[in-house]
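Observations on the three-dimensional arrangement
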Amino acid sequence: MSEYLDLPHQGASVAATARSVAFVEGVRTPFGKAGEKGVYAHTRADDLVVKVIRELLRRHPELPPERVNEVAVAATTQIGDQGLTIGRTAALLAGLPKSVPGFAVDRMCAGAMTAVTTTASGIAFGAYDVVVAGGVEHMGRHPMGEGVDPNPRFLADKLVDPSALVMGQTAENVHDRFPAITKQRCDAYAVRSQERFADAVKAGHIGPDLVPVATRHPELGWGLVTEDEPPRPGTTLEGLAGLKTPFRPHGRVTAGNAAGLNDGATGALLAEESVARELGLPVGMRLVGYSFAGVEPEVMGVGPVPATEKALARAGLSIDDIGLFEINEAFAVQVLAFLDHFGIAEQDPRVNQWGGAIACGHPLASSGVRLMTQLSRQFAERPDVRYGLTTMCIGIGMGGSVIWENPNWEGNK
């Protein structure tokens, strides 16, 4: 066992001040539609994670694999090929040295976000120098809630409203709380999300994030997935107006103004900033701070509001300091509730300028890193912007927000 005790020193001694955390780069698989007709119907979830880890290492040959100190991978439904401590098993399958540990994370939709913030905290504290953090969800193979057994006291003791465990019903509840957020406003927002995403694809903004995935169908043979499957170009208000409201008769939430059921994986490289520069790794963003907050589970969509207020207060910033927003679009009503609260216009160009999950999909635990990856690429094009925010609502009544600083900000020059 002596070979494990003589590893080179990694990290720094505990200091009075936190170390700077850099987001190096993020990548993701193209997102697919869940179900038997989806592109990943016959592809394992852990193999999707392996693809993103290998791609990060391929893109950064300057990083010796043994310098990776941790691999954190999130999954909401930790069962089958999304179980067995997927951070560790995916690291082994990806070819990382056996000395590199790993673990699994579950904070529902904010799994990858939590994988990033948890390992980033380790970097800031001096426990790690370089980590891989991300998430995966194969909702076709493992629907949300598969195998769970909610304690009957949640309902018997009236701890939560019965609708709290059905995300679509919680979105309808947000509509009830904010009647000014009409179905028409949500449909209009959804159309803009589709249009912005389609424009971003045409402009070449989305392609650099994607890792092609080889697939094999038992009848159709081999295939190669190179683009997202969920987008619906050409979506119109008229088309959305006629969609069914599956969560409530005459409701407001439809398949058109909400993210779908999707499969996909994301991954990011994080590093202590001076270590990144020592290794020649790029610095895409710098972590400023983050917060998670709880809200009533039956209106989980409002979670990003207190999480953002908390993060801004701790960072000594205001909402006006944020120059770019990446808000996860689980439901249009949830995004509009956030914008209305902070007095931000629905068509503000700072918000989801390349579209969002309503268009490209939301494979639950993976989405947090997608938000970060898009923000990082936007930072590279916007030296006039100093701060950006990634935020999302989280099932069972939570929200998460992360504030980032642009290293390319012209004020640094």
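Because the structure is a prediction, the values reported are computed rather than measured.

A few words on the overall build of the protein. Helices and strands together make up the secondary structure of the protein, namely twelve helices and twelve strands. Its C-alpha atoms give the protein a radius of gyration of 21 Å, within 12% of the compact-globule value 22 Å for 413 residues. Along the first, second and third principal axes, the C-alpha atoms of the protein reach 65 × 55 × 50 Å. Across the 413 residues that make up the protein, the buried fraction comes to 57%.

Taking 1.5 Å per residue, 15 residues should reach 21 Å; helix α3 (residues 111–125) reaches 21 Å between its end C-alpha atoms and fits that length. Every buried residue belonging to α3 is among G111, A112, M113, T114, A115, V116, T117, T119, A120, G122, I123 and A124, and all of these are buried. Looking one or two residues past α3, G126 carries a phi angle of roughly 105°, positive in sign.

For the structure on display, the rule yields 26 salt bridges. Taking the shortest distance from any N to any O, the salt bridge between R67 and E278 comes out at 3.7 Å. Remark: E278 occurs in helix α8 (residues 273–279) and R67 occurs in the loop between α1 (45–59) and β3 (70–74); sequence separation between them is 211 residues. For R67, a relative accessible area of 17% gives the class buried. Between R377 and D209 there is a salt bridge, with the nearest N and O atoms lying 2.1 Å from each other. One end of the pair, R377, is in helix α12 (residues 367–381); the other, D209, is in the loop between α6 (183–202) and β6 (213–217), with 168 residues separating them in the sequence. In this structure, a network of salt bridges that share partners links the residues E25, E55, R58, R59, D209 and R377.

What follows covers the UniProt feature "active site" (unreviewed entry) in the protein. Within this structure's numbering, the places UniProt gives as "active site" (unreviewed entry) are C109, H362 and C393. Spatial clustering of the annotated residues is evident: they stretch over 285 residues in sequence, but the largest pairwise C-alpha distance comes to 12.0 Å. Structurally, C109 can be placed in the loop between β4 (102–105) and α3. Judged by its relative accessible area of 7%, C109 falls in the buried class.

Moving on to the pairing of strand β1 (residues 21–28). With eight of eight residues buried, β1 lies mostly within the body of the structure. One ladder, built from seven bridges, connects β1 with strand β8 (residues 262–272); its direction is antiparallel. Bridging from a neighbouring strand, V21 pairs with E272 of β8. Bridge analysis of β1 against strand β9 (residues 285–294) gives two bridges, and the strand direction is antiparallel. The partner of F23 across the bridge, within β9, is M285.

A few words now on the state of the cysteines. This model, assessed by the stated rule, comprises zero disulfides. A disulfide-free cysteine, C109 has its sulfur positioned 6.1 Å from the sulfur of C393, the nearest such atom. Counting only cysteine sulfurs, C393 is the nearest neighbor of C186, a cysteine outside any disulfide, at a range of 13 Å.

The next point concerns the confidence of the model for the protein. Taken as a whole, the protein shows an average pLDDT of 95; of its residues, 96% reach a score of 70 or greater. Under a pLDDT of 50 for its full length, residues 1–15 has, in the predicted model, ten contacts with residues more than four places off or in other chains.

With that settled, the discussion passes to the packing of α3 against α12. One can describe the packing of α3 onto α12 by two numbers: an axis separation of 5 Å at closest approach and a directional angle of 70°. By the criterion of interaxial angle, the relationship of α3 to α12 is roughly perpendicular. Across the interface between the two elements, A112, M113 and V116 from α3 touch G368, V369 and M372 from α12. Looking at side-chain class alone, the contact of α3 with α12 contains five nonpolar, one polar and no charged residues.

For the coordinates displayed, the defined rule picks out four aromatic pairs. Geometrically, the ring pair formed by F23 and W404 is edge-to-face, given 5.7 Å between the ring centres and 75° between the ring planes. Of this pair, F23 sits in strand β1 while W404 sits in strand β12 (residues 398–405), and the two are 381 residues apart along the sequence. In terms of burial, F23 and W404 fall into one category: buried. A centroid spacing of 4.8 Å and a plane angle of 55° characterise the contact between F338 and F342, whose relative ring orientation is tilted. With F338 and F342 both in helix α10 (residues 332–342) and four residues apart, the pair spans about one turn of that helix. Like F342, F338 is buried. Linked through ring pairs, F325, F338 and F342 together constitute an aromatic cluster. If you follow R28 out to its NZ or CZ, it ends over the ring of F31, 4.4 Å from the centre. Note that R107 overlies the ring of F292, its terminal NZ or CZ placed 3.8 Å from the centroid.

Counting 40 residues, the largest nonpolar core has F325, F331, F338, L339, I344 and I403 as the members making the most contacts within it. Taken together, the elements giving at least two residues each to this core come down to α5 (167–177), α6, α9 (304–315), β10 (322–327), α10 and β11 (387–394). If you tally residues by element for this core, the top one is α10, at eight residues. For F325, the residues in contact, after removing those within four places along its chain, are I319, F338, I344, R350, V351, N352 and L389.

Conventions adopted
- Residues numbered from 1 in each chain as written.
- Predicted model: local features only at pLDDT ≥ 70, side-chain atom pairs only at ≥ 80, totals over all residues.
- Heavy atoms only, no water.
- Helix = DSSP H or I, 4+ residues; strand = E, 2+ residues; numbered from the N terminus.
- Rg over C-alpha atoms; globule rule 2.2 N^0.38 Å.
- Buried < 20%, exposed > 50% of the residue type's maximum accessible area, 1.4 Å probe, protein only.
- Expected span 1.5 Å × (residues − 1).
- Salt bridge = Lys/Arg side-chain N within 4 Å of Asp/Glu carboxyl O.
- UniProt positions renumbered as here; feature names shortened; annotations may be inferred.
- Pairing = 2+ DSSP bridges.
- Disulfide = S-S within 2.5 Å.
- pLDDT = per-residue confidence, 0-100.
- Contact = heavy atoms within 4.5 Å.
- Axes fitted to C-alpha atoms, helices over the stretch in contact; angles between N-to-C directions.
- Parallel < 35°, antiparallel > 145°, perpendicular 65-115°, else oblique.
- Nonpolar A, V, L, I, M, F, W, Y, C, P; charged D, E, K, R; others polar.
- Phe/Tyr/Trp six-rings, centres within 6.5 Å; stacked < 30°, edge-to-face > 60°.
- Lys NZ or Arg CZ within 6 Å of the ring centre and 35° of its normal.
- Core = buried A, V, L, I, M, F, W, Y, C linked by side-chain atoms within 4.5 Å.

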